[in-house]
Amino acid sequence: MNKQASNLDTIPVGKLTPDDAAAELARLAAEIAGADTAYYGKDAPEITDAQYDALRRRNLLIEKRFPKLKRADSPSGKVGAAPSAKFEKSKHAVAMLSLDNAFDDADVAEFDKRVRKFLGLAEDLEVAFTAEPKIDGLSLNLRYEKGILVQAATRGDGEVGENVTINALTIADIPERLKAAPDILEVRGEVYMSHDDFAALNQRLTHEAAEAEKQPELFANPRNAAAGSLRQLDAAITASRPLKFFAYAWGEVSEALGETQWEVLQGFKKLGFRINPLTKRCNSVAEMLAHYADIEQQRASLGYDIDGVVYKVDRLDYQARLGFVSRHPRWAIAHKFPAEKATTVLEDIEIQVGRTGKLTPVARLKPVTVGGVVVANATLHNADEIERKDVRVGDTVVIQRAGDVIPQVVEVVTSKRKKGARKFKFPDCCPVCGSHAINEVNPVSGKPDVDRRCTGGLICPAQAVERLKHFVSRQAFDIEGLGERQIASFFEQKIITEPADIFTLRQRQEAGEINLYTYKNKKDGDIYLDKEGKPVATNRKSIENLFDGIDARREIASARFINALGIRHVGETNARLFASNYGDVAAFYDAAVKARATESEAYQDMLSIDGIGALVAQGVIDFFSEDHNRAAVDRLLAEVTPQRAQVANTTSPIAGKTVVFTGTLETMTRDEAKARAQSFGAKVSGSISAKTDYLVAGPGAGSKLKKAEDLGVKVLTEEEWADMVG
Ligand code: IVH
């Protein structure tokens, strides 16, 4: 590597003279080319990925500042010299969660009430909230260490995102260096594109396509344009797209920037970030709603997309006490704008069969644009809904779309109904396997379910393939290179018919039982399809990548494993509850089998898990009562190793212990006590059993106290409990 004697490389890009910049670009081009040769040509990298990224980043920044100096051999323009085929993954130091939604004024009032109830605050006490627009873009975590941007990562699945540092650095609103920032500071916010820039981009793409005599590939809306532009392997493309950034939250910080949400936002502003000018501090629900109305009024003239207003409890000590419930903070909520509506023709009603056999009617529509998105399908939920709205094929219907929710049919424009339009007859057989479809009786309430279900179970291919799709979905196994389309293709060819088959692919390939190198799918040609469903060459490398992606999941979190099984009523949240309460899959499995006898201790234990009711327990029991389900799980367990659930705080004396609260608590509300106990890794139960470790009893404790004494369970006063938790 031809490192020059000068120390130009230490001068910040902002301080380079044009002459220096030209010299730096020459040096960087040579160094990057050298590194590329070492990496690709000789397979012997001489510098680390981080050093390589830093070189490319600096090159790009200089080119951005001095566009005229860009060299003919610029590394940023080189195709195929990207550091990797895809983005490197990066685990967030603090998970990036999502927000719960409020759809009307009552939901907002309810939110305020919940916050007060949790914290035990009087109704007349003033609680401040910030209110700011919810930007419709994509969120980004910016990590600064000692004031230098060291990493930018997308949200990903909330735990692990994609490293897009180089791309983020091309965004003018994102500072490369911060003055007087804490040692570690993670700033979070939204990357978005303005309406004008979006229109200009699509126009440019149309123009470029016309010159190349190709069909233009345009973006449907500014959000897609922002996401597509940021997630470019060639950061030079990102640099050519005008992206913007608003800061509104944070992740890991070594030192707090303030005591309130508001103060932190002001701190961001001082550091050089843009915060949304419509952010306001409100002291009551009435003020929040007034600000919402104000923002809604300005919505059309803002010049960028927003889809609601986010309210956040202002005091950070309150935020800390409120904490999180599954994927949402208790201290914030997104008040969505009313859904956008459009009128179109319903061309057909199709029945889809889900993984649990549920038959869902889907309206096939004449495509129509609703709020910038083309809608061709809408859900009709179930037979009752079709009956109630009297939806018929050929009708003109009003549809609506709110944020990322599936579009819905609101009503029929009956005045436009054609003569002879017939009522829809909901099938009583599964359209895929032909088995009877029935409205099951709810085992707990004894009432028939509104949903009709296929009774085909294992023989129904629709259920089987949907279960597999669920198995590999993002919150379950999330296997790189194995998405819905690939699953459908593999299933069609009987290469994967149950989860364990995924993990024997490599072995079967090596043993010559299957040959994925020549594997073709009848319908689409190659199995490897890109996001748009276009075939991608099936070659050795992509098959190897798939095998690697699968192997990377041979060790998996117990909660993901349980969620992946697709047990009725057990989604992400309940799977997590089971994983943390039983510790691992083996214990959960064992308990589920034993719980079949409702008089058993195992059944009582399951029901005593805070948040698990009879319906969920029944779903688990039914699943594990089936021989074929147990056999499928056993085969899967022979291939993958679920990891023991992580106890939140292993150093706490209550980690892993089972606690029951009873009587009146004096220093905090029952909700807060439970949430705190859980955050220290304890399991909170609603009833006393031999497995209970502690009963925290306040004044007024009755039967639970007696039972605890009978069973010899340790009883603590609230004060003793507080001392223990610390
Ligand atoms: S606060 C713990 N504030 O909405 C949650 N989010 O549904 C912290 N978003 O992933 C997020 N504008 O991408 C927050 N002013 C705002 C926002 C905002 C847009 C997005 C963000 C997040 C999603 C949550």
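All of these numbers come straight from a predicted model, not from anything done at the bench.

Section: the overall build of the chain
Helices and strands together make up the secondary structure of the chain, namely 25 helices and 28 strands. Its C-alpha atoms give the chain a radius of gyration of 29 Å, near enough to 27 Å, the size a compact globule of 726 residues would have. Overall size of the chain, expressed as C-alpha extent along the three principal axes, is 85 × 65 × 65 Å. For the chain, the proportion of its 726 residues judged to be buried stands at 46%. Considering only contacts in the chain between residues 6 or more positions apart, those separated by 24 or more positions represent 67%. Surface exposure of the chain reaches about 35500 Å², of which carbon and sulfur atoms provide 51%.

Details of unusual backbone geometry
Of all residues except glycine, most have a negative phi; of all peptide bonds, most are trans. Although it is not a glycine, Lys146 sits at a positive phi angle of roughly 50°. Given a relative accessible area of 64%, Lys146 falls into the exposed group. If you check the backbone angles, His381 has positive phi at about 65° while not being a glycine. For His381, the position within the fold is in the loop between β16 (373-379) and α11 (383-389).

Some details on the packing of helix α3 (residues 105-119) against helix α9 (residues 285-298)
Taken N-terminus to C-terminus, the directions of α3 and α9 make an angle of 140°; their axes are 10 Å apart at the nearest point. Taken together, α3 and α9 sit at an angle that is classed as oblique. Read as a crossing pair, α3 and α9 show a hand that is right-handed. Counting all contacts with α3, which are made through Asp105, Val108, Ala109 and Asp112, the residues of α9 involved are Val285, Met288 and Leu289. The residue makeup of the contact of α3 with α9, split by class, is five nonpolar, no polar and two charged.

Overview of the sheet that holds strand β5 (residues 148-154)
Taken together, four strands build an open sheet; the order of strands is β5-β4-β7-β8 and the sheet is antiparallel. Among the strands making up the open sheet, the edge pair consists of β5 and β8 (244-253). For this sheet, the mean inter-axis angle between neighbouring strands, taken without regard to orientation, is 25°. Sitting on the sheet, helix α8 (residues 261-271) is in contact with β7 (184-192) and β8, with an inclination near 115° to β8.

Concerning the confidence of the model for the chain
Chain-level statistics for the chain give a pLDDT mean of 88 and a share of 92% at 70 or above. Note on residues 1-5: pLDDT is under 50 here. Beyond four places in sequence and across chains, it has nine contacts.

Quick look at the sheet that holds strand β9 (residues 280-282)
Read across the sheet, five strands follow the order β2-β13-β10-β3-β9 without closing on themselves; strand pairing throughout is mixed. Of all strands in the sheet, those bounded by a partner on one side alone are β2 (101-102) and β9. Examined bridge by bridge, strand β10 (residues 306-313) and strand β13 (residues 332-336) share five bridges and lie antiparallel to one another. Within β13, the residue paired with Val310 across the bridge is Ala334. On the sheet, α3 packs against β2, β3 (129-135), β10 and β13 and is oriented at approximately 175° with respect to β13.

Let's talk about the packing of aromatic side chains
Applying the stated criterion to the full structure yields 21 aromatic pairs. Seen from their ring centres, Phe111 and Phe129 are 5.5 Å apart, and the 55° between their planes marks the pair as tilted. On the criterion of sequence distance, the pair formed by Phe111 in helix α3 and Phe129 in strand β3 is long-range, its members being 18 residues apart. For the pair formed by Phe111 and Phe129, the shared burial category is buried.

As for the nonpolar core
Judged by nonpolar contacts, the single largest core of 56 residues is most densely connected at Ile502 and Phe578. Per-element accounting of this core gives the leading share, six residues, to helix α21 (residues 614-625). Those residues in contact with Ile502 that lie beyond four places of it in its chain are Phe471, Val472, Ile479, Leu482, Ile487, Ile496 and Ile550. Membership of the second largest hydrophobic core comes to 46 residues, among which are Phe198, Ala225, Leu230 and Ala247.

Rules and cut-offs
Residues numbered from 1 in each chain as written. Predicted model: local features only at pLDDT ≥ 70, side-chain atom pairs only at ≥ 80, totals over all residues. Heavy atoms only, no water. Helix = DSSP H or I, 4+ residues; strand = E, 2+ residues; numbered from the N terminus. Rg over C-alpha atoms; globule rule 2.2 N^0.38 Å. Buried < 20%, exposed > 50% of the residue type's maximum accessible area, 1.4 Å probe, protein only. Contact = heavy atoms within 4.5 Å. Areas by Shrake-Rupley, 256 points an atom, 1.4 Å probe, with all protein chains shown as cover. Axes fitted to C-alpha atoms, helices over the stretch in contact; angles between N-to-C directions. Parallel < 35°, antiparallel > 145°, perpendicular 65-115°, else oblique. Left-handed = near helix turned anticlockwise from the far one by under 90°. Nonpolar A, V, L, I, M, F, W, Y, C, P; charged D, E, K, R; others polar. Pairing = 2+ DSSP bridges. pLDDT = per-residue confidence, 0-100. Phe/Tyr/Trp six-rings, centres within 6.5 Å; stacked < 30°, edge-to-face > 60°. Core = buried A, V, L, I, M, F, W, Y, C linked by side-chain atoms within 4.5 Å.

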